[in-house]
Structures are given as C-alpha cells and as structure tokens.
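Given next are the chains, with one letter for each unit.
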Amino acid sequence: MTQTYSHQHNNIDIDFEYDFDPGEPETLYYKDGSGHPGSAPSITILKAYLALKDANDKSVAVDILPIINEFHEIDIDDIHNLILEWYAEN
C-alpha cells in the first residue's frame, strides 16, 4: 500500500510516496529442523512531490525524484532512514 511522508527542507515541503514492507519475524525452527532468519522492514520510495507554480500561477505537484540527487543537501538514504525510524517509534 502506498503511503506518504512529508519532509521539510529549507522551509520547502516535499511529499515522498513510498511502499512499506514490515519485514518478517525470525523463525528459529520449523518442524523439519530448518529455520528462517527473518527480514528487516524496508521501504521503496516511488515519488517525491514538490508544489510549484505554473505559468498561470496555479500550484502544480511535480515529481522531483528523478532529479533529487541534484539537491546536494538532500540524501535519499537519509529520507529512507527517517521513514523507517518513524515506523519504529510508532
């Protein structure tokens, strides 16, 4: 299920759309003696929306994810970690 995380950077709001995978718990032993190490929660960021004005001064949401690496002060790995920390706390 797609969810949204709002992040403010230099007084600019960026809404990140992402999918969340809660992971799987560890299973030490199945009946056959095998086990499963489990997996950690993870997210996949799908889009990063920024509200901009068009030529008619109307607000338009623009997906900046393809160029987010051009914003040297925004690290997409940091955003991943912020979202995962939010899940851990809630």
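The rules we used
Residues numbered from 1 in each chain as written. Predicted model: local features only at pLDDT ≥ 70, side-chain atom pairs only at ≥ 80, totals over all residues. Heavy atoms only, no water. Pairing = 2+ DSSP bridges. Helix = DSSP H or I, 4+ residues; strand = E, 2+ residues; numbered from the N terminus. Axes fitted to C-alpha atoms, helices over the stretch in contact; angles between N-to-C directions. Contact = heavy atoms within 4.5 Å. Buried < 20%, exposed > 50% of the residue type's maximum accessible area, 1.4 Å probe, protein only. Patch = residues over 30% accessible without salt bridge, like charges linked within 9 Å, V, L, I, M, F, W, Y side chains within 5 Å. Areas by Shrake-Rupley, 256 points an atom, 1.4 Å probe, with all protein chains shown as cover. Salt bridge = Lys/Arg side-chain N within 4 Å of Asp/Glu carboxyl O.

What to know about the sheet that holds strand E2 (residues 12-21)
Here is step 1: Here we have 4 strands laid out as an open sheet, ordered E1-E2-E3-E4, and antiparallel in their pairing. Strand pairing shows two members of the sheet lacking a second neighbour, strand E1 (2-9) and strand E4 (59-63), which therefore form its edges. Averaged over all pairs of adjacent strands, the angle between strand axes in this sheet comes to 30 degrees, irrespective of strand direction.
Here is step 2: Where E2 lies against strand E3 (residues 42-53), 8 bridges are found, and the strand directions are antiparallel. Counterpart to Asp15 in the pairing with E3 is Tyr49.
Here is step 3: Each of E1, E2 and E3 touches helix H1 (residues 76-89); the most contacted strand, E3, lies at about 110 degrees to it.

With respect to the pairing of E1
Here is step 1: Relative to E2, E1 runs antiparallel, the two being bridged by 8 bridges. Within the sheet, the bridge partner assigned to Thr4 lies in E2 and is Glu17.

Focus on unusual backbone geometry
Where the residue is not glycine, phi is negative for most of them; where a peptide bond is considered, it is trans in most cases.
Here is step 1: For Asn10, which is not a glycine, the phi torsion comes out positive at approximately 50 degrees.
Here is step 2: Structurally, Asn10 is set in the loop between E1 and E2.
Here is step 3: The exposure class assigned to Asn10 is exposed, which follows from its relative accessible area of 56%.
Here is step 4: With a phi angle near 65 degrees, Asp57 is a residue other than glycine that sits in the positive phi range.
Here is step 5: Along the chain, Asp57 falls in the loop between E3 and E4.

Some points on a nonpolar patch on the surface
Here is step 1: On the surface, Leu52, Val60 and Val62 cluster together into a nonpolar patch covering about 190 Å² of accessible area.
Here is step 2: In this fold, Val62 is placed in strand E4.

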